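Working through the structure, step by step
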Amino acid sequence: MSAPATPRAIAWSRRGATLAESWRVYRRDRGGLVGLALLVVIVALAVLAPVLTDGSGLNVTRVDAAPLQPPSASHWLGTDESGRSVLLLTWWGARMSLVIGLAAAALSVVIGTVVGVLAAHFGGWTSTLLMRFTDFFLVLPALVLAIALSTVLTRGLGTIVLAIGVTSWPQTARLVRAQTLTVETRPYIERAKALGGGHRHVIGKHVLPAVLPLVFATTTLTVASAIIAESTLSFLGLGDPSRVSWGAMLKSAMDTGAVTAGAWWYLLPPGLGIAIVVLSFTLCGRALETVFNPRLRGVGA
Amino acid sequence: MSPILRLRDTSVSYLRDGELVPAVRGVNLSLDAGETLGLAGESGCGKTTLAMSVLHLLPRSARLDGEVLLDGHDVRTLSWGELRAARWSSASVVFQGAMHALNPVRSIGAQIAEPMRLHEGKQSESRLRERIAELLEQVELPVRRVDAHPHELSGGQRQRVMIAMALACGPRLLIADEPTTALDVVVQSQILELLGRLVSERDIALMMISHDLSVLSSSCSELAVMYQGELVEQGPTDRVMADPGHEHSRALAAAFPTVGDSRFRFAPAGTRPSEEASSAEPGSALLAARGVSVNFGSGDGIHAVREVNLEVADNEILALVGQSGSGKTTLARTLLGLQRPSSGRVLFDGAELATSTRGLRRYRGQVQLVLQDPTGALNPRHTVYEAVAEGLRIHGATSDERDRVTEALEAAELRPAESFFARFPHELSGGQRQRVVIAGALVLRPSVLVADEPVASLDATVRGEILALLLRLRVERGLSTLVITHDLGLAWTIADRVAVMYQGHIVEEGEVEQVLLNPAHDYTRTLLAAVPSLREQPATER
């Protein structure tokens, strides 16, 4: 018999088949594959940093190398103004950038999805209210708001995540609302209502599954911009001063005159790190978009 | 003199995944001035492909074999320029779906002028306007509407504009692809009459494509039936309709029953008249509307439903008939509790409809909906099992879920039920999808089914099967059904009683035989007169 034994098995085999199909389409996007490979490597290195390296090298009181040394055999990427290895700083800085990028993107996407789905599903004045609220955040200069928030609240990881999260959700909200509106006009929504399904059923069983793939693709793109935002804020000196991040590295390079001294090895690694991570997330996001939106696939797909 | 169109052993195949898939196989046809040919067949039988091959309007993946002679020239050997000249000046097409084939941002006059400008070079504006006015007159549109935009016109008027466009360059062959599919019966008969008149007045040939044999038979002198890419039958309309030679033509003919023909009463295509159905006694009123009105917008908004009284009794099929825009779908939504009535009451089993969420949910276990388009009514991400079990899960009855889903699928004649569990809507045929929708409604064991145009989007031969299923459900389970339709033939086939709706009012209600054979209201008579029927002589000849 080809029929699986239980309803649960049917549901799981269905999800498995969907995943396999998505992966098949994703694989065809070479850029997406490169991005994914880079991300896997970077994330693995970042997660394993405490195992593979000695974190005490970040402590300025425990280093013995001379400051601002060019790359050499003992320090592959040279040293910073206090004699710490730039390679070690960049390595650990990746952790910070990734954590903040992911957390801020998650926060922004959650707010955006909730607002978007509710606005589209309920319509009427709920929609008007929520969308005006969204418009308000859309026209706020995001960087200024983020700077204001980071100044008012205590400095720290949470503050940066919050500052980026609350300023970047309106785009997601508008996107999700548009998608929800098209799903809501489908006859199967009417059928679900006629079957007796309430708001929770319609949103949970029909709207969210249809909207989430798009949200997922958006998230990867949001992570990229969140990482840039994090670097910007840290560069402006609004980050967490007790942790290493790529933006903070660039800032100290500026502050300590590394730039004028021609210490390129101090500037390039964090800069390239930001560029590569952002590029990988963007490549993955674009590839995911083609997976979830067949219209973006070229001829012959 | 050679005929306008001659097809000799014409075949078309599409290249798909490196393989040639035949769509049209070895078709022979010829068509001369003043002749009308109806090309009938179900969706996917290749009828549109065949028509488009005449103008070589096929996608690049298509391969055309055999001969297609248009005015004596083989379109396959024509150069690009010659082909351009042939398009519209020797043959033109009235496309399916007048709603989308017109450019919404240009006036209809400009759009009618477009082919003339393209094909006949420079000419004075006054001459152009004169000719446009002439064309509008021919398709019976007021000349002053020449500057109107498509959205200002009704569906029938837009279809007339399409026909005027097709006639602009004086073609000798007119190809009409489903010219009346999206139109109301009354408008449909007007368009068919217009096409027939144009053929005799302008001495052109008409090739009309439709899935609806009754439309073709009332307007064409010759019929050709296509099935799986082949012409299975061809001949004068009278003969093909009276004595269809091929099995498929018989099925097509039976799918569009003649109102008043007792052979079709309680006998959807391919079934024998049901004895139990005609003798069954309807019980007491189960679902009733009392003085229900529904208005949209405030103040002088739209009055979709006005003061309607309607009853669906136990163990009966009631057909609610009317044109689009008559308010029948709004009334159905109100009966289902999906739309609040502005005034009046909806009663189920004597009790007024609850307004609380919980009360409504309980009510929906009793009265279920079957939608028109089964493709849209099923979530493409859900398997058949999930689609059918959805209602049970909403109502929290999960202990014997699997058995009840199996039972519902079998009641909807999807056997063996288990083999359908893990399949997706896109893997099923249109008829099977509609059965899944019906199973999804049946799984709650309702006492009333509201079916909104349940077969309108299905193929001719599948229609009969679905209607037979509805009839059988009533006979075997005593399930009452409210069928909403624009098709009087459908009402004649399965309904016990019929209610005719016009501009929000129920204008006539009663036993099917009484209403359809002796209509009392003018509107019912108009509807009946507009139904294409075999007894009318084809308008195009004689």
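Small disclaimer: the values here were computed from a predicted structure and weren't measured.

In terms of regular secondary structure, chain A is built from 11 helices and 0 strands. Dimensions of chain A along its principal axes, counting C-alpha atoms only, are 75 × 50 × 35 Å. Residues counted as buried form 44% of the 301 residues belonging to chain A. Once local pairs closer than 6 in sequence are excluded, the contacts in chain A between residues at least 24 apart make up 71%. Accessible surface, chain A as shown: approximately 15000 Å² in total, 69% of it carbon and sulfur.

This part is about the sheet that holds strand S5 (residues 73–74) of chain B. Residues and elements named next belong to chain B. Taken together, 4 strands build an open sheet; the order of strands is S2-S1-S4-S5 and the sheet is antiparallel. Lying at the two open borders of the sheet, with one neighbouring strand each, are strand S2 (19–31) and S5. Direction of pairing for strand S4 (residues 62–70) relative to S5: antiparallel, over a ladder of 2 bridges. Within the sheet, the bridge partner assigned to Leu-70 lies in S5 and is His-73. Where helix H1 (residues 47–54) meets the sheet, its contacts fall on strand S1 (5–16), S2 and S4, and the angle it forms with S1 comes to roughly 115°.

Taking 1.5 Å of rise per residue, the 21 residues of helix H1 (residues 7–27) of chain A would be expected to cover 30 Å, and the 30 Å separating its terminal C-alpha atoms lies within 8% of that figure. If you check which residues of H1(A) are buried, you get Pro7(A), Ile10(A), Ala11(A), Arg14(A), Ser22(A), Val25(A) and Tyr26(A). The arc enclosing the buried residues of H1(A), seen along the axis, measures out at 145°, which places them on a common side. Exposed and oriented more than 90 degrees from the buried face of H1(A) are Arg8(A), Trp12(A) and Leu19(A). On its buried side, H1(A) packs onto helix H2 (30–47) and helix H11 (264–292) of chain A together with helix H15 (384–394) and helix H16 (401–411) of chain B.

Below, the discussion takes up the nonpolar core. All names here are of chain B. The biggest cluster of nonpolar side chains holds 99 residues, and the ones touching the most others in it are Leu-287, Leu-310, Val-388 and Leu-409. When residues of this core are assigned to domains, at least three map to each of domain 2 (283–366 + 447–534) and domain 3 (373–445). Sequence-distant contacts of Leu-409, defined by excluding residues within four places in its chain, comprise Val-384, Val-388, Leu-414, Ala-417, Phe-421 and Ala-439. One finds Val-94, Ala-164, Leu-192 and Met-208 within the second-largest nonpolar core, a separate group that totals 50 residues.

Moving on, we get to the interface of chain B and chain A. Size of an interface, as often reported, equals the accessible area lost when the parts are brought together. Tallying the contact residues gives 33 residues for chain B and 25 residues for chain A. Carbon and sulfur atoms make up 59% of the area that chain B and chain A hide from each other, which totals about 2500 Å². The largest share of the area that chain B buries against chain A comes from Arg381(B), Glu390(B) and Ile394(B), three residues that together contribute 20% of it. The interface formed by chain B and chain A holds 2 salt bridges in total. As a salt-bridge pair, Arg333(B) and Glu190(A) come within 2.5 Å of each other at their nearest N and O atoms. One can count 12 residue pairs in polar contact (both at pLDDT 80 or more) joining chain B with chain A.

What follows concerns the domain arrangement of chain B. Residue and element names in this part refer to chain B. As assigned here, chain B comprises domain 1 (5–256), domain 2 (283–366 + 447–534) and domain 3 (373–445). Contacts between the two partners involve 18 residues from domain 1, matched on the other side by 13 residues from domain 2. For the pair domain 1 and domain 2, the number of links is 0 salt bridges. The tally of links from domain 1 across to domain 2 stands at 0 residue pairs in polar contact (both at pLDDT 80 or more). Listed by contribution, the elements that provide at least two residues to the side of domain 1 that touches domain 2 are helix H7 (185–202), helix H8 (213–219) and helix H10 (247–255). Looking at side-chain class alone, the side of domain 1 that touches domain 2 contains 8 nonpolar, 8 polar and 2 charged residues.

Strand-to-strand pairing in sheets goes through backbone hydrogen bonds, with the strands running parallel or antiparallel. All names here are of chain B. If you walk across this open sheet you meet the 6 strands as S16-S17-S18-S13-S19-S20, and the pairing is mixed. Every other strand in the sheet has two partners, leaving strand S16 (367–370) and strand S20 (505–511) as the edge strands with one partner each. The sheet shows a mean angle of 15° between the axes of neighbouring strands, direction not considered. Here S16 pairs with strand S17 (residues 448–452) via 4 bridges, running parallel. If you follow Val-370 over to S17, its bridge partner there is Ala-451.

Attention shifts here to the UniProt feature "transmembrane region" (unreviewed entry) in chain A. Residue and element names in this part refer to chain A. Within this structure's numbering, the places UniProt gives as "transmembrane region" (unreviewed entry) are residues 32–52, 98–122, 142–167, 207–229 and 263–288. As annotated, residues 142–167 comprises 85% helix and 0% strand, and the C-alpha atoms at either end are separated by 5 Å. Structurally, residues 207–229 comprises 100% helix and 0% strand, and the distance from its first C-alpha atom to its last is 31 Å.

Conventions we followed
- Residues numbered from 1 in each chain as written.
- Chains lettered and ligands numbered in written order.
- Predicted model: local features only at pLDDT ≥ 70, side-chain atom pairs only at ≥ 80, totals over all residues.
- Heavy atoms only, no water.
- Helix = DSSP H or I, 4+ residues; strand = E, 2+ residues; numbered from the N terminus.
- Buried < 20%, exposed > 50% of the residue type's maximum accessible area, 1.4 Å probe, protein only.
- Contact = heavy atoms within 4.5 Å.
- Areas by Shrake-Rupley, 256 points an atom, 1.4 Å probe, with all protein chains shown as cover.
- Pairing = 2+ DSSP bridges.
- Axes fitted to C-alpha atoms, helices over the stretch in contact; angles between N-to-C directions.
- Expected span 1.5 Å × (residues − 1).
- Arc of directions from axis to C-beta.
- Core = buried A, V, L, I, M, F, W, Y, C linked by side-chain atoms within 4.5 Å.
- Domains from an automatic or database assignment.
- Buried area = accessible area lost by both parts, 1.4 Å probe.
- Salt bridge = Lys/Arg side-chain N within 4 Å of Asp/Glu carboxyl O.
- Polar contact = N/O pair within 3.5 Å; in protein donor to acceptor, adjacent residues only side chain to side chain.
- Nonpolar A, V, L, I, M, F, W, Y, C, P; charged D, E, K, R; others polar.
- UniProt positions renumbered as here; feature names shortened; annotations may be inferred.

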